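Chain by chain, the residues run as shown.
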Amino acid sequence: MEQRKRNTFGKFSRSKSADKKLSLSDYFKWLNDGRKLEDFPQVGLRNDQGNYEQNQQIILGHNICNFDIPVIVNKLKEYNLFSTFCETVKGFIDTMKVARKYIPKHDVENFKQQTLVKQFVGENYLAHNAIEDVDSLKTLYDSKLTLLVKSDDVFSISYHNCMDSYSDLLSSKIVSRPLSMQLAKDGISLKHLKLASVRDVNGLKFVLQDHKIPPKSVKCIQDYFQTEE
């Protein structure tokens, strides 16, 4: 039987509570309750081998990588709820990134959610209505994007923090931005690499190879940590 991931369709803004910490707690409960619902949306999320992976909670949103996720993460940390959140949620999928990656530019006018929903679902909706916004994205995902998205399109909740950790290496041109994005997407920060380097002489190399980092870049990062010692 195919193992499929449970994908969460929702927004923090849907909560009616005025207290933000309580709103976040309500959101956790909603995420956890979703695991028990028989009619909870099931979608295929394939790995590189084309196999379906085990069920895990994933947040989906359109253009959430650069706005919604940093806001949510900052609030989670402000209320000391980030660790609890990470126990429930594996990561997030930005459906705008998915659309840009898999849908040819000449097939669509633009990659706004309204445009994609109108073209592939055949519906119009109120873009500034949170409920309609979420429901239309679910429909778009079910009808179009679920057939395209892979496990490689999942970003770690810690993505932005991990990216920040590579700022010095980026400015020194020790690593490229695409390489740091690849590691950050998997939740690997500079601190993780340093720990691997300290623990075992080949530890750093194995971690980088496991995340498909090219040999030349592996050597550059190894040299960086050697000069740090």
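Refer to the structure printed above.
Computed from a predicted structure; not experimentally measured. (Residues numbered from 1 in each chain as written. Predicted model: local features only at pLDDT ≥ 70, side-chain atom pairs only at ≥ 80, totals over all residues. Heavy atoms only, no water.)

## Quick look at the overall build of the chain
Inclusion rule: Going along the chain from the N terminus, every DSSP run of H or I of four or more residues is numbered as a helix, and every run of E of two or more is numbered as a strand. Categorising residues by exposure relies on relative accessible area from a 1.4 Å probe, with only protein chains included: less than 20% of the type maximum marks a residue as buried, more than 50% marks it as exposed, and the intermediate range marks it as partly exposed. Here, two residues are considered to be in contact whenever any of their heavy atoms come within 4.5 Å of each other. Reported accessibility uses the Shrake-Rupley method at a 1.4 Å probe radius. Residues are deemed covered only where the shown protein chains occlude them.
Within the chain, the regular secondary structure consists of twelve helices and five strands. Across the 229 residues that make up the chain, the buried fraction comes to 41%. Taking the contacts inside the chain whose residues are at least 6 apart along the sequence as the reference set, 70% of them involve residues at least 24 apart. Looking at the chain as shown, the accessible area adds up to about 13400 Å², and 49% of this sits on carbon and sulfur atoms.

## Some points on the pattern of salt bridges
The condition that has to hold: Salt bridge, as used here: a side-chain nitrogen of Lys or Arg that lies within 4 Å of a carboxyl oxygen of Asp or Glu.
One pass over the structure, following the stated rule, counts six salt bridges. Here Glu78 and Lys75 are joined by a salt bridge, their closest N and O atoms 3.1 Å apart. Residue Glu78 and its partner Lys75 are located together in helix α2 (residues 68–78), separated by three residues, close to a single helical turn. Residue classification places Glu78 among the partly exposed residues on the basis of a relative accessible area of 46%.

## Details of the side chain of Ser136
Put simply, the rule reads: Any pair of N or O atoms that falls within 3.5 Å is considered a polar contact. Within protein, one atom must be able to donate a hydrogen and the other to accept it, and sequence-neighbouring residues count only if both atoms are side-chain atoms.
Along the chain, Ser136 turns up in helix α6 (residues 130–143). Of the polar contacts made by the side chain of Ser136, one reaches the backbone oxygen of Asp133; its length is 3.0 Å. With residues near it in sequence (within four places) discarded, Ser136 still touches Gln113, Val117 and Tyr125.

## Description of the pairing of strand β3 (residues 57–61)
Let me state the cut-off plainly: At least two bridges found by DSSP between two strands are what make those strands a pair.
Counting buried residues along β3, five of its five residues qualify, which places the element largely inside the surrounding structure. Both β3 and strand β4 (residues 89–94) contribute to a ladder of five bridges, which runs parallel. Looking at the pairing, Leu60 lines up with Ile93 of β4.

## A few points about the packing of helix α11 (residues 203–210) against helix α12 (residues 215–228)
Convention followed: Only the contacting stretch of a helix is used when fitting its axis, a line to C-alpha atoms as for every element, and angles between N-to-C directions run 0 to 180 degrees. Helix crossings fall into two classes, left-handed where the near helix is turned counterclockwise from the far one by less than a right angle and right-handed where it is turned clockwise. The nonpolar class holds Ala, Val, Leu, Ile, Met, Phe, Trp, Tyr, Cys and Pro. Asp, Glu, Lys and Arg form the charged class, and all remaining residues, Gly among them, are polar.
Between α11 and α12, whose axes approach to 10 Å, the crossing angle comes to 145 degrees. Seen along the crossing, α11 lies across α12 with a hand that is right-handed. Along its contact with α11, which presents Leu204, Lys205 and Leu208, the element α12 presents Val218, Ile221, Gln222 and Phe225. Class assignment for the residues of the contact of α11 with α12 results in five nonpolar, one polar and one charged.

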